[in-house]
Amino acid sequence: MAVFPWHPRSRNYKAEFASCRLEAVPLEFGDYHPLKPITVTESKTKKVSRKGSTSSTSSSSSSSVVDPLSSVLDGTDPLSMFAATADPAATDSSRKRRDRDENSIIGSDFEPWANKRGEILARYTTTEKLSINLFMGSEKGKAGTATSAMSEKVRTRLEELDDFEEGSQKELLNLTQQDYVNRIEELNQSLKDAWASDQKVKALKIVIQCSKLLSDTSVIQFYPSKFVLITDILDTFGKLVYERIFSMCVDNRSVLPDHFSPENVNDTAKETCLNWFFKIASIRELIPRFYVEASILKCNKFLSKTGISECLPRLTCMIRGIGDPLVSVYARAYLCRVGMEVAPHLKESLNKNFFDFLLTFKQIHGDTVQNQLVVQGVELPSYLPLYSPAMDWIFQCISYHAPEALLTEMMERCKKLGNNALLLNSVMSAFRAEFIATRSMDFIGMIKECDESGFPKHLLFRSLGLNLALADPPEGDRLQILNEAWKVITKLKNPQDYINCAEVWVEYTCKHFTKREVNTVLADVIKHMTPDRAFEDSYPQLQSIIKKVIAHFHDFSILFSVEKFLPFLDMFQKESVRVEVCKCIMEVFIKHQQEPTKDPVILNALLHVCKTTHDSVNALTLEDEKRTLAYLINGFIKMVSFGRDFEQQLSFYVEARSMFCNLEPVLVQLIHSVNRLAMETRKVMKGNHSRKTAAFVRACVAYCFITIPSLVGIFTRLNLYLHSGQVALANQCLSQADAFFKAAISLIPEVPKMINIDGKMRPSESFLLEFLCNFFSTLLIVPDHPEHGVLFLVRELLNVIQDYTWEDSSDDKIRIYTCVLHLLSAMSQESYLYHVDKVDSNDSLYGGDSKFLAENNKLCETVMAQILEHLKTLAKDEALKRQSSLGLSFFNSILAHGDLRNNRLNQLSVNLWHLAQRHGCADTRTMVKTLEYIKKRSKQPDMGHLTELALRLPLQTRT
Amino acid sequence: MGTSLDIKIKRANKVYHAGEVLSGVVVISGKDSIQHQGVSLTVEGSVNLQLSAKSVGVFEAFYNSVKPIQIISSTIEMVKPGKFPSGKTEIPFEFPLHVKGNKVLYETYHGVFVNIQPQKGKLTPSPVDFTITPETLQNVKERALLPKFLIRGHLNSTNCVITQPLTGELVVESSEAAIKSIELQLVRVETCGCAEGYARDATEIQNIQIADGDVCRSLSVPIYMVFPRLFTCPTLETTNFKVEFEVNIVVLLHADHLITENFPLKLCRV
């Protein structure tokens, strides 16, 4: 193939730009223009009948400017119109209805039982051995007593329900807590299985036997958890029965609505339901009879409208028969739970439960209970908290949406009872925080009066603290409350008790007081937790304290001036916890720090914090974790600014680099920051560097130059070299810029075939192509080094591209060559498309010197030869499509950048056109469009020769 | 095979009174068609004496003298001989319930001696207050050994409607010994007699615990008991037999003292 010479088309960029630009037409006042600001000159405020809601509307005065929004609405927006026309009576009644609904339906502000469940199971545990006693009456045992009478048989069947004399007795002894939980879970499962296999009697038996376990108070410290486990079974049972009866009401035609009335229930369903109640009414023992009936309370809905409201008070009274106060309070809790679920509007029963409980309260100190405690070896201070979950629940149910007067009455009645700490605690846990907070001083008084031997006082202070964290006490009492509370807290000997209490009160302190008080509190915590390394057992609480403090002190200069803050951090000696805490601090800093800072206190402290997190990175650290840490550290670095003190800023970056060398994203951020700093300097000097600033900028450039090689990511390095080179060029550091570009060029051969992106291996060529195109645009303006040859950077780059092993099946190399051709065409222009301020590019260096142009053309020829060579190799069947598209793209390049007045180039383009169409691989539409474009271009001045060309380009018709 | 026959009665609770109409359907279903010699439906009601396993010997004397007494007996022919098609065939029926001759229809009941297949009475409330102390007890060997206690209470009525629960209240005012349990024991007393003599048998038919453990003093505990449907019927007194009911309040103290207070009941249906 003959060598084709390259004749670049000479361009007048300015003229081209001007011709492409849209014509600017001056706008007369009053002409329509979509972006013209709407000026509001008149605004009216209309009072709408509903109090408190005003709607203001505005319209524009100038008639010619039409605001589409206001014009449509004719002054009033639809929402306020709607509000204005709405009948006030109607909204009133709907609000009333809603209020009533709120009364009868539990809202989301009611903490559900499910939340309490886990907490109770986690808190009330035991290491003692447990036992389960199940008596499943079996037919075998019965066979011994011969009964002939038919009636006896029927009786037997019923008696089996709670028989334990003759049935198979299953006693499981020496169970660990986990075994016990598993057993109960098994029972739950066998209940479901029995139900599913239509063994209703067996299901009932399981439930009865399970609820019997609740009368057993051995291993009393496990009782609350046992209650949770067994009531789960009861809930399951209740649901099964309800659903079964509900399903009986569903004919194949109609489905019962959710709020059905008993008249809609058919007789069969009623009869089945009644049968359940009769069966349960005949259960011999009180506790199972109570629990099982309570569990199917909801089923009363099938029988009568008033069923539930009659049942609840009766069941409430029934509990009076339970002698053990602990068992009875849990029975009440269960009843309240079921009651709240089924009929939340029936508050009287809830209150009755509470008052009945107060009546039996004295039993706790009675002989029966005391004897039991002695036998089990349980002390009163650990016995009384067993009541809390049940009482808290009952109190919570009652106080939910309860009027203030009721709460006050309840409190008064609690006060009257001796040793009311237990009650007090439940009042504080369940009542509205606002109620408690406004009476804080009263509560402190009551807590002080409590008997020391009973309920632990620190729990009381903890409960009070929890309320104060949610609601604010009266302004005047605040300091006194803190003093009184802390006086007690600081005297706590047991570090666990202490920290549990202190943790809660830190929130209150942070909320209402200054750093002085917080400092005192922190100091006190350090004093208590340091002896015997007590902090080691309390990391979660200490962590929570830190979180509360930083949540309230958004001003980090104040936070770090709290003297004891850093010593407090020193208590986190376990690395994982320390890193966790540091991360929290940094997150809050990033979130709340608005202004860049140079405060040395903040910088020192945060550098220390960041260093701690950074130093936790090791070979085993997960990528995600590293990313998070880098994000946090970067957030901090971005927030540091020394203003005009650029040197201080740079030395900060130097320090940061030495500190965070293990996190690549941080180094990348630092390079960007330094580059920014250099550009910032240039901006301040308005492009004219003084000797001092020039030296500073070179220092910045040097920083980048020595930092980049320590990075791992190849494209990160390439892009940063290019980017930093551009910055160096902009700052007139020519030799430094050359160094960057050379470094980039010498790095290209190292680009691997595949690179790892987000954990997946991808071919790298497309990335390389992208980078090189970007690089070429920069190379246009880089002036040649006087000591190196003409276009030495381009030549070096071409060599590297030539030697790089490209993928055989791709044409990227040719695409790059095409781009090089574009670059060289641009370089041969008299004046370049763009320049860097104060840097002479090759256009002014050579001034269109013919020797330069000849060199340039020689390069073009070589590149073209390569392209044509490649096109030839594509003349195989499987590559024809590639050949066609590549040929067309080369044709387009010549059209755009080549001078087609040159015959040989003209001929080449015609050949390429034919090549593109030769095998029918070309897209006809593209070809037609291209041809149209050429014809259009030919009408422009100096483009007449294109007309002739167009004539020589035939369009292939599809066959 | 595969042919099944089922009688379905319309009323879900299956309770019918004299003079009412018993209605329902006979359901015959099978895969193939069935040849048959006609379907007839017979209603029978009878009273008969059964011998309890416990009292063999005592009764034999007059056992034979009481023959089953027939109360109702009627037969209707539903379908003439023919063929049922395959699938489900439902044949509706209706029966008027009329007592044969001049006999009285009693309520169905399963007792030890007497089984009655289906009286009406009037209810006048008769509340009873009671106080139980060591002094009020009978059958005590050494009164001095008993721990001191005072239990008060009342039953709202000893005349009860059989469908309504027995209600009342009980208060443990004081008790030296811890209370283990308080129970309500429902006892049925059946008496059968004729010229040769009579037999009496008391059976516990239901026991309901109303207090478990050492209940709180001076706090009323509810007395509440639902009458079991199968084992109770209105109190009956006829020339041949009597069915009566009693309730015992049983208090169990620690050291195994058992205190029982008995109240006869009169059940009726309104």
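These numbers come from a predicted model, not from an experiment.

**Concerning the overall build of chain B**
When you go through chain B residue by residue, the secondary structure sums to one helix and 19 strands. Counting only carbon and sulfur atoms, one obtains 51% of the accessible surface of chain B, whose full area is about 14,600 Å².

**Here we look at the interface of chain A and chain B**
The interface is formed by 35 residues belonging to chain A together with 31 residues belonging to chain B. Summed over both partners, the interface of chain A with chain B buries about 2,700 Å², with 57% contributed by carbon and sulfur atoms. At the surface where chain A touches chain B, the tally comes to two salt bridges. For A:Glu271, the salt bridge identified is with B:Arg229, shortest N-O distance 3.3 Å. Between chain A and chain B we count twelve residue pairs in polar contact (both at pLDDT 80 or more) in total.

**Some remarks on the packing of helix H11 (residues 267–281) of chain A against helix H12 (residues 286–295) of chain A**
Residue and element names in this part refer to chain A. Relative to each other, H11 and H12 sit at 160°, their axes nearing to 9 Å. As far as their axial angle goes, H12 and H11 are roughly antiparallel. For the element pair H11 and H12, the recorded crossing hand is left-handed. Here H11 contributes Phe277, Ile280 and Ala281 to the contact with H12, which in turn contributes Arg289, Val292 and Glu293.

**Some details on the side chain of A:Thr621**
All names here are of chain A. Mapped onto the fold, Thr621 is located in the loop between helix H32 (600–615) and helix H33 (623–638). On the basis of relative accessibility, which here comes to 15%, the residue Thr621 falls in the buried class. Here Asn618 takes part through its backbone nitrogen, which lies 2.7 Å from a polar atom of the side chain of Thr621. The residues contacting Thr621, other than those within four sequence positions of it, are Ser616 and Lys626.

**Some points on the confidence of the model for chain A**
All names here are of chain A. A residue-level look at chain A finds 85% of positions with pLDDT of 70 or above and a mean pLDDT of 81. Within the model, the stretch residues 70–76 combines pLDDT values under 50 with eight contacts to residues more than four positions away or in other chains. This stretch, residues 83–103, has a pLDDT under 50; its non-local contacts, to residues over four places away or in other chains, come to six contacts.

**Overview of helix H15 (residues 325–342) of chain A**
Residue and element names in this part refer to chain A. With 18 residues, H15 ought to run about 26 Å at 1.5 Å a step, and its terminal C-alpha atoms sit 25 Å apart, in line with that. Judged by how many residues are buried, H15 sits mostly within the fold: 16 of 18 residues are covered. A side-chain oxygen of the first residue of H15 lies 2.9 Å from the backbone nitrogen of Leu326; this N-cap is Asp324.

**Observations concerning the pairing of strand E18 (residues 241–253) of chain B**
Residues and elements named next belong to chain B. Both strand E17 (residues 236–237) and E18 contribute to a ladder of two bridges, which runs antiparallel. Looking across to E18, one finds that Glu237 is bridged to Lys242. If you look at the hairpin formed by E17 and E18, you'll find three residues sitting between the two strands. Between E18 and strand E19 (residues 257–268), which pair antiparallel in sequence order, lie three residues; one of them, Ala255, sits at a positive phi of approximately 70°.

**Quick notes on the confidence of the model for chain B**
Detailed reading of the predicted model is not advised wherever pLDDT is low. Residue and element names in this part refer to chain B. Per-residue confidence for chain B averages 77 on the pLDDT scale, and 76% of its residues sit at or above 70. Of all helices and strands in chain B, the one with the weakest mean pLDDT is strand E9 (residues 114–116) (46), whereas strand E16 (residues 220–225) scores best (91). This model gives residues 111–121 a pLDDT under 50, and the stretch forms 49 contacts once residues within four places in sequence are excluded. Two summary scores accompany this predicted model of the complex, namely pTM at 0.62 and ipTM at 0.77.

**A few points about the sheet that holds strand E13 (residues 166–175) of chain B**
All names here are of chain B. Taken in spatial order, the four strands of this open sheet run E10-E11-E13-E16, and their pairing is antiparallel. With partners counted over all chains shown, the strands left at the sheet margins are strand E10 (128–132) and E16, one partner each. Taken over all neighbouring pairs, the strand axes of this sheet differ in orientation by 20° on average, direction set aside. As paired strands, E13 and E16 are joined by six bridges and run antiparallel to one another. Residue Glu169 lies in a different strand from E16, and its bridge partner there is Pro222.

**Things to note about unusual backbone geometry**
Residue and element names in this part refer to chain A. Positioned with a positive phi, Asp532 is a non-glycine residue whose angle comes to about 55°. Mapped onto the elements of the fold, Asp532 is located in the loop between helix H27 (515–529) and helix H28 (539–552). Look at Asp532 and you get exposed, because its relative accessible area is 78%. Phi at Leu791 takes a positive value of approximately 50°, unusual for a residue other than glycine.

**Focus: the pairing of E19(B)**
All names here are of chain B. Examined bridge by bridge, strand E12 (residues 159–161) and E19 share three bridges and lie parallel to one another. Across the sheet, the residue bridging to Val161 is Cys268, located in E19. Both E18 and E19 contribute to a ladder of nine bridges, which runs antiparallel. Across the sheet, Ile249 pairs through a bridge with Glu261, a residue of E19.

Parameters and conventions
- Residues numbered from 1 in each chain as written.
- Chains lettered and ligands numbered in written order.
- Predicted model: local features only at pLDDT ≥ 70, side-chain atom pairs only at ≥ 80, totals over all residues.
- Heavy atoms only, no water.
- Helix = DSSP H or I, 4+ residues; strand = E, 2+ residues; numbered from the N terminus.
- Areas by Shrake-Rupley, 256 points an atom, 1.4 Å probe, with all protein chains shown as cover.
- Contact = heavy atoms within 4.5 Å.
- Buried area = accessible area lost by both parts, 1.4 Å probe.
- Salt bridge = Lys/Arg side-chain N within 4 Å of Asp/Glu carboxyl O.
- Polar contact = N/O pair within 3.5 Å; in protein donor to acceptor, adjacent residues only side chain to side chain.
- Axes fitted to C-alpha atoms, helices over the stretch in contact; angles between N-to-C directions.
- Parallel < 35°, antiparallel > 145°, perpendicular 65-115°, else oblique.
- Left-handed = near helix turned anticlockwise from the far one by under 90°.
- Buried < 20%, exposed > 50% of the residue type's maximum accessible area, 1.4 Å probe, protein only.
- pLDDT = per-residue confidence, 0-100.
- Expected span 1.5 Å × (residues − 1).
- Pairing = 2+ DSSP bridges.

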